[in-house]
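So you can see what is in the structure, the chains are spelled out below.
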Amino acid sequence: MPRLLPYFWILLSITLCFAGCGRDESRDDEAANTVSDFEVKTSPSGSQSAKVFDKSLLKTQNFFAMGTMVQVTTYDAPAEKHTAAVRDIEQLFLHFYRTWQPWEKTAEPLGQLALINQDLLAGRSSGSNRKFNQLVLEATELSKTSRGLFNPAIGELVKLWGFNRDSDLPKNAPETSAIQTILSRNPGMHQLRYTANSIQSVQPLALDFGGFIKGYAVDRAIDILRDYGIESALVNAGGDLRAIGKKANIPWAVGVLDPRRGQQFLAQLQVQPGEAIFTSGDYERYFEQEIEDLTQPLNAGGDQPKFAKKQQRYHHIIDPRTGYPATKTASVTVITANGAQADAAATALFVAGPGKWETVAISMGVKYVMMVDVEGNVYLNPAMANRIRLSDPKGAVKLSVPLTIPQ
Ligand code: AMP
Ligand code: MG
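Criteria and cut-off values
- Residues numbered from 1 in each chain as written.
- Chains lettered and ligands numbered in written order.
- Predicted model: local features only at pLDDT ≥ 70, side-chain atom pairs only at ≥ 80, totals over all residues.
- Heavy atoms only, no water.
- Donors = N, O, S within 2.8 Å, 3.2 Å for Na, K, Ca; no water.
- Helix = DSSP H or I, 4+ residues; strand = E, 2+ residues; numbered from the N terminus.
- Buried < 20%, exposed > 50% of the residue type's maximum accessible area, 1.4 Å probe, protein only.
- Axes fitted to C-alpha atoms, helices over the stretch in contact; angles between N-to-C directions.
- Parallel < 35°, antiparallel > 145°, perpendicular 65-115°, else oblique.
- Left-handed = near helix turned anticlockwise from the far one by under 90°.
- Contact = heavy atoms within 4.5 Å.
- Nonpolar A, V, L, I, M, F, W, Y, C, P; charged D, E, K, R; others polar.
- Pairing = 2+ DSSP bridges.
- Core = buried A, V, L, I, M, F, W, Y, C linked by side-chain atoms within 4.5 Å.
- Arc of directions from axis to C-beta.

Looking at the coordination of the magnesium ion (ligand 2)
Move 1: Taken together, the protein ligands of the magnesium ion (ligand 2) are Gly211 (O), Asp343 (O), Asp343 (OD) and Thr347 (OG1), with distances of 2.0 to 2.4 Å.
Move 2: Along the chain, the residues donating to the magnesium ion (ligand 2) are arranged with the sequence spacing G-x131-D-x3-T. Taken together, the positions of aspartate 343 and threonine 347, both in helix H8 (residues 339-352) and four residues apart, correspond to about one turn of that helix.
Move 3: The exposure class of threonine 347 is buried, given its relative accessible area of 14%.

Here's what the structure looks like:
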């Protein structure tokens, strides 16, 4: 068990976990310095007016959807409202999964996006509707502000790499020529033309909303909870999450996993009401392949140049400029005011990488960022540094310039 695992936390996924779901795990006093219901004891106990956190008012339910475990936790909600809201949220996630699946699935009828992708690839006009257009519009705006680094029009590249499949991971990188063929069509949201009920692409392409649909779904889940009158809740979709309200007098709290240390936390922070926290990481879906290390020549004098071999990690976050997985980042965590923006921004900043993410964060309006590079160095903007608690980072901790938002 990782040393930092607080007894009160339930690990939901490979990226993040949250505290406060109410299960009493085995007590580990070593972990008492972490954020958990431990805080209850440190909250002002004499205060008569403030409501004090009561663990028995937490309710948690899990379900599996969109390839991940989703956990909904409410605080102080009536049981029937909690149950009904979770049922609706589960339906929504399952519906989203069917609708926004970019490619056909065996034994399932084609969903809306898979059908539209068939037409976009064939250069045909496809039927769309208001909801679809709304999603496309939102994705286009996020793509623009990310300067094209979040690019949901690279569905063909994701498929070529084999990261579109839920289960088995690919074993080999695709041929460079196949990547180049797709890149030569300049896939981007700017290729799309649409009316109220149709959509077409100037160049053949396929859409893949995998980089932000989870955030979009988490936002809709929060809408559902609010519609039921639930004021305090946390929706955690495989470690990407959004909270509303607080647990009485204490905020929801989360831990961020270290991208290279399995289930061990690198950081902890509190989620303010309404905030979304999303992480993109190169450890979520990846394979390794032995390749030649062109920086390590072996036989200076030989006919055929020979190089040392190295293991190359290929993961699911593609740099739309090269067609290859981004190479310098291990993980990015962002906090923003909604899930769709947080999800897209985490993907975009991951691609931007060290030294470049600040500009993209500013243009996407992101105020809190933590990035870990492949060497283990941690980059924080000052506002994030003020609210995050790091645990034993492997590399250096580097403070960026403030992310001032242009007026
Ligand atoms: P995330 O885990 O949110 O960073 O999203 C990764 C998923 O988004 C991948 O599995 C792809 O489906 C898709 N994707 C990969 N690279 C990009 C990119 N540069 N822009 C938009 N979506 C991407
Ligand atoms: Mg994302």
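So much for the structure itself; the text now carries on.
Brief notes about the packing of helix H2 (residues 79-99) against helix H7 (residues 213-227)
The relative placement of two packed helices comes down to the angle between their axes together with the axis-to-axis distance.
Move 1: The contact between H2 and H7 brings their axes to 10 Å, and the two run at 155°. Compared by their axis directions, H2 and H7 come out roughly antiparallel. Seen from above, H2 lies across H7 with right-handed handedness. Contacts between H2 and H7 pair Ala85, Asp88, Ile89, Leu92, Phe93 and Phe96 from the former with Ile213, Tyr216, Ala217, Val218, Arg220, Ala221, Ile224 and Leu225 from the latter.
Move 2: Classifying every residue of the contact of H2 with H7 by side-chain character gives twelve nonpolar, no polar and two charged.

Some points on the sheet that holds strand S9 (residues 240-244)
Move 1: Taken in spatial order, the nine strands line up as S3-S4-S8-S9-S12-S15-S16-S17-S19 in an open sheet, and their pairing is mixed. Here the strands that pair on one side only, and so sit at the sheet edges, are strand S3 (58-65) and strand S19 (397-399). When strand polarity is set aside, the average angle formed by the axes of neighbouring strands in this sheet is 10°.
Move 2: The strands touched by H7 within the sheet are strand S4 (68-75), strand S8 (233-237), S9 and strand S12 (276-281), with S9 carrying the most contacts at an inclination of about 25°.

Some words on the nonpolar core
Move 1: Ranked by size, the top nonpolar core spans 69 residues in total, and within it Phe93, Leu207, Phe209, Phe212 and Leu225 carry the most contacts.
Move 2: A per-element tally of this core places H8 first, with ten residues.
Move 3: Residues within four places of phenylalanine 93 in sequence aside, it is in contact with Phe63, Ala65, Met66, Val70, Ala217, Val218, Ala221 and Ala237.
Move 4: Among the nonpolar cores identified, the runner-up in size contains 22 residues, and Leu266, Ala267, Leu380 and Met384 belong to it.

What to know about helix H6 (residues 176-183)
A turn of α-helix holds 3.6 residues, and therefore any two residues three or four places apart point the same way.
Move 1: For H6, every residue scored as buried is listed here: Ile179, Ile182 and Leu183. Taken end-on, H6 shows its buried residues confined to a sector of 100°, consistent with a single buried face.
Move 2: Against helix H5 (155-161) lie the buried residues of H6.

Some points on the environment of phenylalanine 93
Move 1: With respect to the helices and strands, phenylalanine 93 occurs in helix H2.
Move 2: Residue phenylalanine 93 is classed as buried on the basis of its relative accessible area, which comes to 0%.
Move 3: Put simply, phenylalanine 93 and valine 218 are 125 residues apart on the chain and 8.7 Å apart in space, counted from C-alpha to C-alpha.

Focus on unusual backbone geometry
Move 1: Of note in this structure, asparagine 186 is not a glycine but carries a positive phi near 50°.
Move 2: Its place among the elements puts asparagine 186 in the loop between H6 and strand S6 (192-195).
Move 3: Using a relative accessible area of 45% as the deciding quantity, one classes asparagine 186 as partly exposed.
Move 4: A positive phi is found at alanine 248, a non-glycine position, where the angle reads about 55°.
Move 5: Tracing the sequence through the fold places alanine 248 in the loop between S9 and strand S10 (252-257).
Move 6: For alanine 248, a relative accessible area of 24% puts it in the partly exposed group.

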